[in-house]
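Spelled out from the first residue to the last, the chains are:
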Amino acid sequence: MHVSYHGHSVVKIKTGAFTILIDPFISGNKLTDLQVANEKPNAILLTHAHNDHVGDTVELAKNNNAQVIAPVELANYLSSQGVNAVGMNLGGAHKFDFGVVKFTKAFHSSSFTTDDGEVVYGGMPAGILFKAEGKTIYHAGDTEVFGDMKILGERNDIDVAFVPIGDYFTMGPEDAAYAVELLNPKIVVPIHYNTFPPIEQDPEHFKSLVKNVQVNILQPGESVDLESIPTN
């Protein structure tokens, strides 16, 4: 498995013959190193409906015949746009050809704004647990810290956790550090910061707050070193 970060909340996972994109906000993302025309995902996983997470999903899915897995209301909307979308809900897991996807709690909001200004309800926001090749990846999506993160940490041997630190719209560095304590991953990667002025943060400050967990501050395009993590 190869796991890389691409600015804002964009994560790419390569496992076997499959490429999976999480929250592919590429166009308009000043931090990403990706270009829509160059991406060839087999699957796209979405945490919630906000435009800076759905991003270029429709174009990517149509161009690559990619399957989109999303909260059910968002999946229904994307299906109406001609996308091959699968709707799931919180607590639900399914084994796809490329790995196991489980949607978890996130405390946030979720709506998509169309080019015409229509606001489409996107269902419950979610985090994502992804399991493949003996590794477990947790993408928290947009959320505040919540006590059930401790349950996620106790019931899942999380290798890499991607957690937002931007504050304003999500938890900030202090709450994110507490979330890491609850989740107890082997590695944590801060995300959802510095894309817009309200969420500008120093990731080194977050790193200084985290105890007993390895913090990898990744630049767009950099990868997590999974070789040093024991196989589950």
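Our structure is the block above this text.
Because the structure is predicted, anything quoted here is derived from the model rather than measured.

**A closer look at helix α5 (residues 173-183)**
Point 1. Those residues of α5 that sit buried are P173, A176, A177, A179, V180, L182 and L183.
Point 2. Those residues of α5 that are buried are in contact with β12 (135-139), α4 (149-155), β13 (160-164), β14 (187-191) and α6 (203-209).
Point 3. In the segment just after α5, N184 is the residue with positive phi, at about 55°.

**Thoughts on a negative patch on the surface**
Point 1. A cluster of like negative charges, contributed by E144, D167, E174 and D175, occupies part of the molecular surface.
Point 2. Structurally, D175 can be placed in helix α5.
Point 3. Residue D175 is classed as partly exposed on the basis of its relative accessible area, which comes to 40%.

**Comments concerning the packing of aromatic side chains**
Point 1. Summed over the entire model, instances satisfying the criterion amount to 7 aromatic pairs.
Point 2. Between Y168 and F169, the aromatic rings sit 4.8 Å apart at their centres with planes inclined by 75°, giving edge-to-face as the arrangement.
Point 3. Y168 gets classed as exposed once you look at its relative accessible area, which sits at 61%.
Point 4. An aromatic cluster is defined as three or more aromatic residues linked by ring pairs; in this entry it consists of F18, F96, F98 and F130.

**A word on the side chain of N156**
Point 1. Tracing the backbone shows N156 in the loop between α4 and β13.
Point 2. Once residues lying within four places of it in the same chain are set aside, the contact partners of N156 are L129 and K131.

Parameters at a glance
- Residues numbered from 1 in each chain as written.
- Predicted model: local features only at pLDDT ≥ 70, side-chain atom pairs only at ≥ 80, totals over all residues.
- Heavy atoms only, no water.
- Buried < 20%, exposed > 50% of the residue type's maximum accessible area, 1.4 Å probe, protein only.
- Helix = DSSP H or I, 4+ residues; strand = E, 2+ residues; numbered from the N terminus.
- Contact = heavy atoms within 4.5 Å.
- Patch = residues over 30% accessible without salt bridge, like charges linked within 9 Å, V, L, I, M, F, W, Y side chains within 5 Å.
- Areas by Shrake-Rupley, 256 points an atom, 1.4 Å probe, with all protein chains shown as cover.
- Salt bridge = Lys/Arg side-chain N within 4 Å of Asp/Glu carboxyl O.
- Lys, Arg positive; Asp, Glu negative; His and termini not counted.
- Charge placed at Lys NZ, Arg CZ, Asp CG, Glu CD.
- Phe/Tyr/Trp six-rings, centres within 6.5 Å; stacked < 30°, edge-to-face > 60°.

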